[in-house]
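The primary structure of each chain is shown beneath.
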Amino acid sequence: MRLRPGAQLDPSQVEDRRGMGGGGFGGPVAMGGGGLGIVGVIVYILFAVLSNGSVTYGALDGVTAGPGGGTAASAQLDCRTGADANERQDCRILGYVNSVQAYWAGYFKAHGKTYRPANTVFFSGSTDTGCGQATTDAGPFYCPQDKHVYIDLGFYQELHDKFGAQGGPFAEAYVIAHEYGHHAQDVFGGLKAGGSQGATGTSVRTELQADCYAGVWARHAVATGYIVDLTQQDVNQGLDAAASVGDDRIQKETQGRVNPETWTHGSAAQRQKWFTRGYQRGEPSGCDTFSVSSAGL
């Protein structure tokens, strides 16, 4: 998979804060202790319950952050075309952001609804967010309070080194498409804040729906005008990345045992299943993880 060399990129959709650090506003976006804390280093959403300016993260161990503060300084990427994206990782990720948002903007417009774009923030070390101060350990996430996606690009190396993913361009794209799947849930009005853990709980169903939405984008990626030469091998990279961050694989690797009652994101098989479902159906309506039975999840 490549970016179409002549595609015109929109750098305004990415804020580059790498090397700038955070200003210490608000409480930290941190993962809870124990084995499940590593889930926060993977493709991760911070479920926000907004109450009196505070944010409660229900996906893991009830970690709470105080009010998000201020807008951190940022720069704009010097990426202009798909040719730039085929040479540089940061430009490539920008291309994926542009493609995913082009799909969702078109989908909502076709259905008589307004899509509000969400910027992605590149950072290193730490940065301020509407959900508190984020560190690299938080992994990629979507913050519902400020409608931004946050990622330290070093995560992609961790995905390969720590979680055993094959990596590759489409594995990178899957991460972005998953987080924007959460933004789509937010726009739909169906983003589930907090929720129960467990293999069939609300948290897992929310994450699997975002995986499915990532698959839907993949089905239409070439049609957005940014992506070319998407092959089954590329799709397999996405499936491999989805499996590598399955709760069962992470628990087995870090704890030596699997406990479905504590799952927050779904098993490797579940994540592959719902990404595939989205890719095959190519329609968000096929991603209703909340109406299927526990056996069908």
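Rules used in this analysis
- Residues numbered from 1 in each chain as written.
- Predicted model: local features only at pLDDT ≥ 70, side-chain atom pairs only at ≥ 80, totals over all residues.
- Heavy atoms only, no water.
- Helix = DSSP H or I, 4+ residues; strand = E, 2+ residues; numbered from the N terminus.
- Buried < 20%, exposed > 50% of the residue type's maximum accessible area, 1.4 Å probe, protein only.
- Contact = heavy atoms within 4.5 Å.
- Arc of directions from axis to C-beta.
- Pairing = 2+ DSSP bridges.
- Axes fitted to C-alpha atoms, helices over the stretch in contact; angles between N-to-C directions.
- Core = buried A, V, L, I, M, F, W, Y, C linked by side-chain atoms within 4.5 Å.

J.: Explanation requested: the overall build of the protein chain in the structure shown.
T.: For the protein chain, the helix and strand inventory stands at eight helices and 12 strands. Taking all 297 residues of the protein chain together, the buried fraction comes to 56%. Considering only contacts within the protein chain whose residues lie at least 6 apart along the sequence, 76% involve residues at least 24 apart.

J.: Even after reading the chapter, I still don't get helix α7 (residues 247-255), so can you show me in this structure?
T.: An α-helical turn contains 3.6 residues, so any two residues separated by three or four positions project in the same direction. Residues of α7 that are buried include every one of Asp-247, Ile-250 and Gln-251, and no others. For α7, the angular spread of buried residues about the axis comes to 100°, placing them on one side. Along α7, the residues that are exposed and aim more than 90 degrees away from the buried face are Lys-252 and Glu-253. Those residues of α7 that are buried lie in contact with α6 (232-244). Phi turns positive, to about 80°, at Gly-256, one or two residues after α7.

J.: Looking at this structure, how should I read the sheet that holds strand β11 (residues 148-151)?
T.: Paired through backbone hydrogen bonds, the strands of a sheet run either parallel or antiparallel to each other. Sheet architecture is open: four strands sit in the order β2-β7-β11-β10, paired in mixed fashion. Two strands bound the open sheet, and with one partner strand each, they are β2 (14-16) and β10 (141-143). Strand-to-strand, the axes of this sheet are offset by a mean angle of 25°, without reference to chain direction. The sheet contact formed by β2 and strand β7 (residues 120-122) spans three bridges and is parallel. Bridging from a neighbouring strand, Glu-15 pairs with Val-121 of β7. Each of β2 and β7 touches helix α2 (residues 89-110); the most contacted strand, β7, lies at about 170° to it. Strand contacts of helix α4 (residues 169-188): β7, β10 and β11, with the helix running at about 25° to β10, the strand carrying the most contacts.

J.: Just to check I follow, could you spell out the nonpolar core for this structure?
T.: Side chains of a nonpolar character, in soluble globular proteins, are inclined to be buried together. Core analysis: the largest hydrophobic core is formed by 63 residues, its most contacted members being Trp-104, Ile-176 and Trp-217. Mapped by element, the contributors of at least two residues to this core are α2, β11, α3 (155-161), α4, α5 (202-220), α6 and α8 (268-281). Take this core: its biggest share by element is 10 residues, from α2. Counting eight residues, the second largest nonpolar core, distinct from the first, contains Ala-134, Ala-138, Cys-143 and Tyr-150.

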